[in-house]
Amino acid sequence: MSKKITMEDIAKKIGMSKNTVSLALRNMPGINDQTRKLIFDTAKQLGYEYKKSFVDYKSNETSYKNICLIFSRDTHKSEDFFSYIQYGVEAEAKKNNLNTIIYCYDENTEEFETPLSVKEGIISGIITLGRISRKTLHSIMKFNLPLVIIDHYFDDLACNYVLTDNISGACVLTEHLIKLGHKKIGFIGDISISSSFSDRYQGFTKALKKYSIPLNDSLSITDKCPSILVNEGLGRVVEELKELPELPTAFVCCNDREAITVITALKSMNISVPDDISIVGFDNIESSNNITPELTTMHISKEIMGQRSVRSLIARINNIDTLSEKILLPSTFIERSSTKKL
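Residues numbered from 1 in each chain as written. Predicted model: local features only at pLDDT ≥ 70, side-chain atom pairs only at ≥ 80, totals over all residues. Heavy atoms only, no water.

## Some thoughts on the overall build of the protein
Then, in step 1: The secondary structure content of the protein amounts to 13 helices and 11 strands.
Then, in step 2: Across its three principal directions, the C-alpha atoms of the protein cover 90 × 40 × 35 Å.
Then, in step 3: Burial analysis of the protein (342 residues in total) assigns 51% to the buried set.
Then, in step 4: When contacts within the protein are restricted to residue pairs at least 6 apart in sequence, those whose partners lie at least 24 apart make up 70%.
Then, in step 5: In the structure as shown, the protein presents an accessible area of about 16900 Å², 49% of it carried by carbon and sulfur atoms. (Helix = DSSP H or I, 4+ residues; strand = E, 2+ residues; numbered from the N terminus. Buried < 20%, exposed > 50% of the residue type's maximum accessible area, 1.4 Å probe, protein only. Contact = heavy atoms within 4.5 Å. Areas by Shrake-Rupley, 256 points an atom, 1.4 Å probe, with all protein chains shown as cover.)

## Topic: the confidence of the model for the protein
Then, in step 1: For the protein, the mean per-residue pLDDT works out to 90, and 92% of the residues sit at or above 70.
Then, in step 2: Confidence over residues 51-63 falls short of pLDDT 50; this stretch has 22 contacts with residues more than four positions distant or in other chains. (pLDDT = per-residue confidence, 0-100.)

## Thoughts on the side chain of E175
Then, in step 1: For E175, the position within the fold is in helix α8 (residues 166-179).
Then, in step 2: Among the residues examined, E175 registers a relative accessible area of 12% and is labelled buried.
Then, in step 3: In this view, E175 contacts A207, K210 and Y211; residues no more than four positions away in its chain are not counted.

## A look at the pattern of salt bridges
Then, in step 1: Counting across every chain of the model gives 16 salt bridges.
Then, in step 2: With a shortest N-O distance of 2.9 Å, D275 and K340 are connected by a salt bridge. Note that D275 is positioned in the loop between α12 (256-268) and β8 (278-280) and K340 in the segment after β11 (332-334), a separation of 65 residues in sequence. (Salt bridge = Lys/Arg side-chain N within 4 Å of Asp/Glu carboxyl O.)

## Topic: α12
Then, in step 1: A rise of 1.5 Å per residue sets the reference length of α12, with its 13 residues, at 18 Å; its end C-alpha atoms lie 19 Å apart and thus fit the reference within 8%.
Then, in step 2: Taken together, the buried positions of α12 are D256, E258, A259, I260, T261, V262, I263, A265 and L266.
Then, in step 3: Elements that come into contact with the buried residues of α12 comprise β6 (185-188), α10 (226-229), α11 (234-242), β7 (250-253), β8 and β9 (297-299).
Then, in step 4: Downstream of α12 by a residue or two, N270 has a phi angle that is positive, lying close to 60°. (Expected span 1.5 Å × (residues − 1).)

## A word on the side chain of T296
Then, in step 1: Counting through the fold element by element, T296 comes out in the loop between β8 and β9.
Then, in step 2: By relative accessible area, T296 is classed as buried at 0%.
Then, in step 3: Looking at T296, its side chain comes within polar contact range of the main-chain nitrogen of R336, at 3.0 Å.
Then, in step 4: In this structure the side chain of T296 is engaged in a polar contact, spanning 3.4 Å, whose partner is the side chain of T339. (Polar contact = N/O pair within 3.5 Å; in protein donor to acceptor, adjacent residues only side chain to side chain.)

## Section: the pairing of strand β3 (residues 125-129)
Then, in step 1: Of all the 5 residues making up β3, 5 are buried; the element is thus mostly covered by neighbouring parts of the structure.
Then, in step 2: A two-sided burial pattern is seen for β3, the buried positions comprising G125, I127 and L129 on one face and I126 and T128 on the other.
Then, in step 3: Relative to β3, strand β1 (residues 65-72) runs parallel, the two sharing 5 bridges. Within β3, the position partnered with L69 by the bridge is I127.
Then, in step 4: Across 4 bridges, β3 lies against strand β4 (residues 147-150) in parallel orientation. Directly across from L129, in β4, lies its bridge partner I150. (Pairing = 2+ DSSP bridges.)

## What about empty space enclosed by the protein?
Then, in step 1: Considering all chains together, one arrives at 1 cavity of 30 Å³ or more under this definition.
Then, in step 2: One number sums up the size of the largest cavity: a volume of about 30 Å³.
Then, in step 3: As for the largest cavity, its lining consists of I188, I221, K224, P226, L229, V237, E240 and L241.
Then, in step 4: Broken down by secondary-structure element, the contributors of at least two residues to the lining of the largest cavity are α10 and α11. (1 Å grid on protein atoms, 1.4 Å probe; cavity = no way out; pocket = protein on both sides within 12 Å on 5 of 7 lines; lining within 4 Å. Points joined across faces, edges and corners; volume = space filled by probe spheres on them.)

## Considering the sheet that holds β8
Then, in step 1: Here 3 strands make up an open sheet; going across it, the order is β6-β7-β8 and the pairing parallel. Looking along the sheet, the strands with just one partner apiece sit at the ends: β6 and β8. This sheet shows a mean twist of 20° between the axes of neighbouring strands, independent of strand direction.
Then, in step 2: When β6 meets β7, the two strands line up parallel, connected through 4 bridges. (Axes fitted to C-alpha atoms, helices over the stretch in contact; angles between N-to-C directions.)

Right, dumping it as structure tokens:
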């Protein structure tokens, strides 16, 4: 008597998981045509019997599809920022009958490892979250799946992006300081590691130019992030600040995390914020409202970024030939007590 063929037999034959085989044979969407055909053909070849196996899956719609949310371990550490965007993604996906499969990768590895869900053909689209290298993005684009990128962009790559209007936001922050009488203003943050930081620096310089204030690079630290330096000890941040020829009367920081680190370092130097130096941040993370002094910043609608990315991805899934779009969401100025009129 011949052995009864099972899904495990089919999976072993084609080198895929039983879950992928099951999804295909149960007519679930999210499996690409090539993978589905291979599974159907192998099932027929092996003599697998399943009463729903060989109907036209395209006419047998089901309620759920899968999307993959990809981000680096470094991004995952910024829970007070990116976790809110992730929540927005998952909530909007669920509302639209989409399952969200999370994939966290190590940005320090030489090669980007393809997510198993993508490899097995059960993904309808991909969303990436946070800073991503060009090399990693190219690896993801090779999957030829609908793609949306949140909070990062490349000028020469036509993709769907969901971003904060960082240039305008930083310009508003810098104007706020100028209107308080500050002219010796510096910028803090490594502008080479993030498109967001680079854009915020552009907004900073835009405001200076608008008010005919000369850009003085000696007042800024644009090649390092204090929040990274502080891993070597607060003294390392203090050293960096002391290397400046002179301290400005105000700092625009590339985000709240950097601003909070700078405030802590200045306090250890017996420099008062805002009496001696005014400080502004960006992002409005929870801790920006829980420090002394409370931080003047720009609020980003993080959950809405996640929601808009899912809507953009759905449009892309429904029509892969639609024109790529760059969505810029506005930020909101929040004045607190870390700034003071000269």
